[in-house]
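Observations on the three-dimensional arrangement
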Amino acid sequence: MSALANHAFAKMNGIGNEIVVVDLRDSKAQVSADEARAVASPAGGVPYDQLMVLQPPRLDGTEAFISIYNNDGSEAGACGNGMRCVVRRIFEKTGQTSATFQTRAGLLNCWQGPAPDLYTVDMDAPKFGWQDIPLAEEFRDTRYIELQVGPIDNPVLHSPSVVSMGNPHAVFWVDDVNAYDLERFGPLLENHPIFPERANITLAHIVDRDHITIRTWERGAGLTRACGSAACATAVAAARLKRANRIVEITLPGGKLGIEWRERDDHVLMTGTADFEYEGRFDPALFANVA
Ligand SMILES: N[C@@H](CCC[C@H](N)C(=O)O)C(=O)O
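Only a predicted model underlies this, so the values are computations on that prediction, with no experimental measurement involved. (Residues numbered from 1 in each chain as written. Predicted model: local features only at pLDDT ≥ 70, side-chain atom pairs only at ≥ 80, totals over all residues. Heavy atoms only, no water.)

**Let's talk about the overall build of the protein**
When its secondary structure is counted, the protein shows 4 helices and 19 strands. Relative to its length of 291 residues, the protein is compact, with a C-alpha radius of gyration of 18 Å against a globular reference of 19 Å. In terms of its C-alpha atoms, the protein occupies a principal-axis envelope of roughly 55 × 40 × 30 Å. For the protein, with 291 residues in total, the buried portion stands at 54%. Of the contacts made within the protein by residues no fewer than 6 positions apart, 62% connect residues no fewer than 24 positions apart. Surface summary for the protein: the accessible area is close to 12500 Å², and the carbon and sulfur share equals 47%. (Helix = DSSP H or I, 4+ residues; strand = E, 2+ residues; numbered from the N terminus. Rg over C-alpha atoms; globule rule 2.2 N^0.38 Å. Buried < 20%, exposed > 50% of the residue type's maximum accessible area, 1.4 Å probe, protein only. Contact = heavy atoms within 4.5 Å. Areas by Shrake-Rupley, 256 points an atom, 1.4 Å probe, with all protein chains shown as cover.)

As structure tokens, then:
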């Protein structure tokens with residue numbers, strides 16, 4: 001019997017990024033890819049972009065180890081919007097205003113503020129090396145890489161910046177993020193052989209040095225109303241190109257995020273809201289046929 005059968009969950013969202021939070025800190029159970037897919041089942045499941053599973057802490061001083069699943073069952077190292085949802089949930093229950101969590105990508109410090117309805121996640125330092133993202137072949141300069149879709153002499157999208165925020169991101173610079181069929185190009189680019197672990201694909205328009213607009217096709221989850229790590233990736237990529245300041249506001253289809261690429265330690269701070277929708281218990285029938 002799956003540990004998720006009849007288990008409580010919270011449906012939340014981080015500016016429209018659909019998040020389900022499950023607290024398994026009192027259990028040794030691991031969630032399999034099949035179970036994660038079953039949770040998202042259109043037949044009685046809970047629709048989500050990411051499932052955030054809290055597991056017992058593996059390091060002193062941390063609140064939990066968090067496993068992050070996309071709705072296709074794959075695991076991700078980072079999910080900025082999901083972290084804000086987890087943080088809100090825990091802070092509301094315990095009265096805490098700061099906490100440290102561990103994910104596959106490392107330690108994340110989180111706190112409430114700068115206003116009561118805002119949560120900040122220290123997303124750690126970005127990585128720019130081609131092996132870190134990872135890319136399938138060497139690119140010395142990842143501010144722009146050679147990659148395009150469309151006719152070779154007139155590409156539709158080309159020369160993205162690539163960044164790891166604990167997960168792989170490609171950011172294509174465009175004049176209008178709504179002028180492209182991201183549902184068509186997203187899967188092609190997500191699965192392009194240059195990205196051996198696939199990638200999150202973002203269209204970004206730099207409005208001015210303090211404001212950027214983005215839309216993202218998420219690896220393993222598809223078109224989303226918001227992707228926090230993509231907002232971070234875009235902010236650092238734009239600052240690296242000297243086209244934006246290190247503190248920017250990112251507008252996504254679901255809302256706005258404040259991003260600061262802090263000079264003193266290279267860390268990226270992401271600030272935004274997190275919304276609670278409802279609580280429930282998983283229908284055991286969802287897991288009847290999963291390992
Ligand atoms: N929505 C997330 C990112 C989710 C992970 C991503 N799909 C991946 O597989 O890397 C965010 O808010 O950062």
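Right, picking up where we left off after that structure.
**Concerning helix α4 (residues 228-240)**
Between the first and last C-alpha of α4 there are 18 Å, a value that for 13 residues agrees with the 18 Å anticipated at 1.5 Å per step. Most of α4 sits inside the fold, with 12 of its 13 residues counted as buried. Listed in full, the buried residues belonging to α4 are G228, S229, A230, A231, C232, A233, T234, A235, V236, A237, A238 and A239. Just downstream of α4, K242 is the residue with a positive phi angle, here 65°. (Expected span 1.5 Å × (residues − 1).)

**Here we look at the environment of I68**
On the secondary structure map, I68 appears in strand β4 (residues 65-70). Sequence spacing of I68 and A235 is 167 residues, and the spatial spacing of their C-alpha atoms is 23 Å. Leave out the neighbours within four places in its chain, and I68 touches Q50, L51, M52, S74, E75, A76, G77, A78, C79 and T103.

**Brief notes about the nonpolar core**
Residues I66, F101, I250 and I259 are the most contacted members of the largest nonpolar core, which totals 56 residues. Top contributing element to this core by residue count: α4, with 9 residues. The contacts of I250, once residues within four sequence positions are left out, are I212, I214, A231, A235, G255, K256, L257 and I259. Counting 21 residues, the second-largest nonpolar core is a separate cluster that includes L135, V149, L157 and L189. (Core = buried A, V, L, I, M, F, W, Y, C linked by side-chain atoms within 4.5 Å.)

**Some remarks on the site of the ligand**
N17, E218, R219, G228 and S229 are the nearest of the 15 residues found near the ligand. At 2.6 Å, a side-chain N or O of N17 approaches a nitrogen atom of the ligand. Side-chain polar atom of Q50 to a nitrogen atom of the ligand: 2.9 Å apart, as the coordinates give it. Across the complex, the protein chains shield 100% of the 370 Å² of accessible surface that the ligand would expose by itself. For the shell around the ligand, the secondary structure elements donating two or more residues are α2 (80-94) and α4. For the shell around the ligand, the class distribution of residues is 4 nonpolar, 9 polar and 2 charged. (Near = heavy atom within 4 Å. Polar contact = N/O pair within 3.5 Å; in protein donor to acceptor, adjacent residues only side chain to side chain. Nonpolar A, V, L, I, M, F, W, Y, C, P; charged D, E, K, R; others polar.)

**Quick notes on the UniProt feature "active site" (unreviewed entry) in the protein**
Using the residue numbers shown here, the UniProt feature "active site" (unreviewed entry) corresponds to C79 and C227. A stretch of 149 residues holds the annotated residues, and the largest C-alpha distance among them is 7.6 Å, short enough that they meet in one place. Discounting residues that sit within four places of it in the chain, C79 has contacts with N17, I19, Q50, M52 and I68. With respect to the helices and strands, the residue C227 is situated in the loop between β15 (222-224) and α4. (UniProt positions renumbered as here; feature names shortened; annotations may be inferred.)

**With respect to the pairing of β4**
In terms of burial, β4 is largely enclosed, as 6 of its 6 residues are buried. In β4, alternate side chains face the same way, and those of F65, S67 and Y69 on one face and I66, I68 and N70 on the other are all buried. Bridging between strand β3 (residues 50-55) and β4 involves 6 bridges; their strand directions are antiparallel. Bridging across to β4, Q55 finds its partner in F65. Across 2 bridges, the pairing between β4 and strand β5 (residues 75-76) is antiparallel. (Pairing = 2+ DSSP bridges.)

**Some points on the state of the cysteines**
Across all of its chains, the model carries 0 disulfides by this definition. The thiol of C85 is unpaired, and the distance to the nearest cysteine sulfur, on C79, comes to 7.7 Å. For C227, which is in no disulfide, the shortest distance to another cysteine sulfur is to C79 and amounts to 7.0 Å. (Disulfide = S-S within 2.5 Å.)

**Some details on the side chain of S67**
You can see S67 is positioned in strand β4. The buried category is assigned to S67, whose relative accessible area is 4%. At 2.7 Å, the side chain of S67 and the side chain of Q55 are in polar contact. Setting aside residues up to four positions removed in sequence, S67 forms contacts with L51, M52, V53, Q55 and E75.

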